[in-house]
Amino acid sequence: MHVWKVKTQIIPDKTYKTINKIARSIFHEIERKTKRKPYIRSRYFQKQKIFLSFFWEHLSTKKIQDKVRRLKYFECALEVIQNSYFEPETVKNPNNQRETLYRFYGQTAQSIFIVQIKKDKKNQLEFMSVFPK
């Protein structure tokens, strides 16, 4: 397991309202750069697009405490996706065998976290989730 050390800090607040506001503003900056689905390019996947919109759909199914826990690492996760060239852990999705999940590991000054990317049957890559280990 290789861990990418990020330079960005986790979002320091504790309330969902402020953390969500900061994370959404980061997302909207990326969203403004494209006319279609927002994406970032990944170093590991040879500069392929990693779409970000699925993250928000997945996040909406979680409880508030879990949302706060995941959103704190949003900016760090984007850095890991863009810069990490380490081999991720590859797992078949237990809910859908046609999908593959890639798990990248990142480390801030305080903790280790996991960034999960989904590759579907059309070979489209989507940022699925981020959570502390």
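Let me sum up the structure you'll find in this document. (Residues numbered from 1 in each chain as written. Predicted model: local features only at pLDDT ≥ 70, side-chain atom pairs only at ≥ 80, totals over all residues. Heavy atoms only, no water.)

### What about the overall build of the protein?
Formally: Labels follow the DSSP assignment, with helices taken as runs of H or I lasting at least four residues and strands as runs of E lasting at least two, numbered in each case from the N terminus. We compute the radius of gyration from the C-alpha atoms alone; for a globule the expected value is 2.2 Å times N to the 0.38, where N is the number of residues. Burial classes: relative accessible area under 20% of the type maximum marks a residue as buried, over 50% as exposed, and values in between as partly exposed (1.4 Å probe, protein chains only).
Assigned secondary structure in the protein consists of 4 helices and 7 strands. In sequence order, the protein lays out its α and β elements as β-α-β-β-α-α-α-β-β-β-β. For 133 residues, the compact-globule formula gives about 14 Å, and the C-alpha radius of gyration of the protein, at 14 Å, lands near that figure. With the C-alpha coordinates of the protein rotated into their principal frame, the extents come out at 35 × 35 × 30 Å. Evaluated residue by residue, the protein yields a buried proportion of 48% over its 133 residues.

### Some remarks on the pairing of strand β3 (residues 48-51)
Applied cut-off: DSSP calls a pair of strands paired once it identifies at least 2 bridges connecting them.
The pairing of strand β2 (residues 39-42) with β3 spans 4 bridges and is classified as antiparallel. What sits directly across from R41, in β3, is K49. Turn length for the β2-β3 hairpin, with the two strands adjacent in sequence and antiparallel, is 5 residues, and the turn residue Q46 shows positive phi of about 55 degrees. As paired elements, β3 and strand β7 (residues 125-132) share 2 bridges and run parallel to each other. Within the sheet, the bridge partner assigned to I50 lies in β7 and is L125.

### Focus: the nonpolar core
Filter applied, for reference: Only buried residues count toward a nonpolar core, which is a set of Ala, Val, Leu, Ile, Met, Phe, Trp, Tyr and Cys residues joined through side-chain atoms within 4.5 Å. Should any heavy atoms of two residues lie within 4.5 Å, those residues are considered in contact.
F74, V115 and F127 are the most contacted members of the largest nonpolar core, which totals 34 residues. If you list the elements that add at least two residues to this core, you get α1 (16-31), α2 (53-59), α3 (64-71), α4 (74-83), β5 (100-107), β6 (112-119) and β7. Here the element with the most residues in this core is α4; it accounts for 6 residues. In contact with F74, not counting residues within four places along its chain, are A23, I26, F27, F55, W56, F127 and V130.

### So, unusual backbone geometry
Of note in the backbone geometry, Q46 takes a positive phi value of approximately 55 degrees without being a glycine. One can find Q46 in the loop between β2 and β3. At K47, a residue that is not glycine, the phi angle is positive and equals roughly 65 degrees. Here K47 shows up in the loop between β2 and β3.

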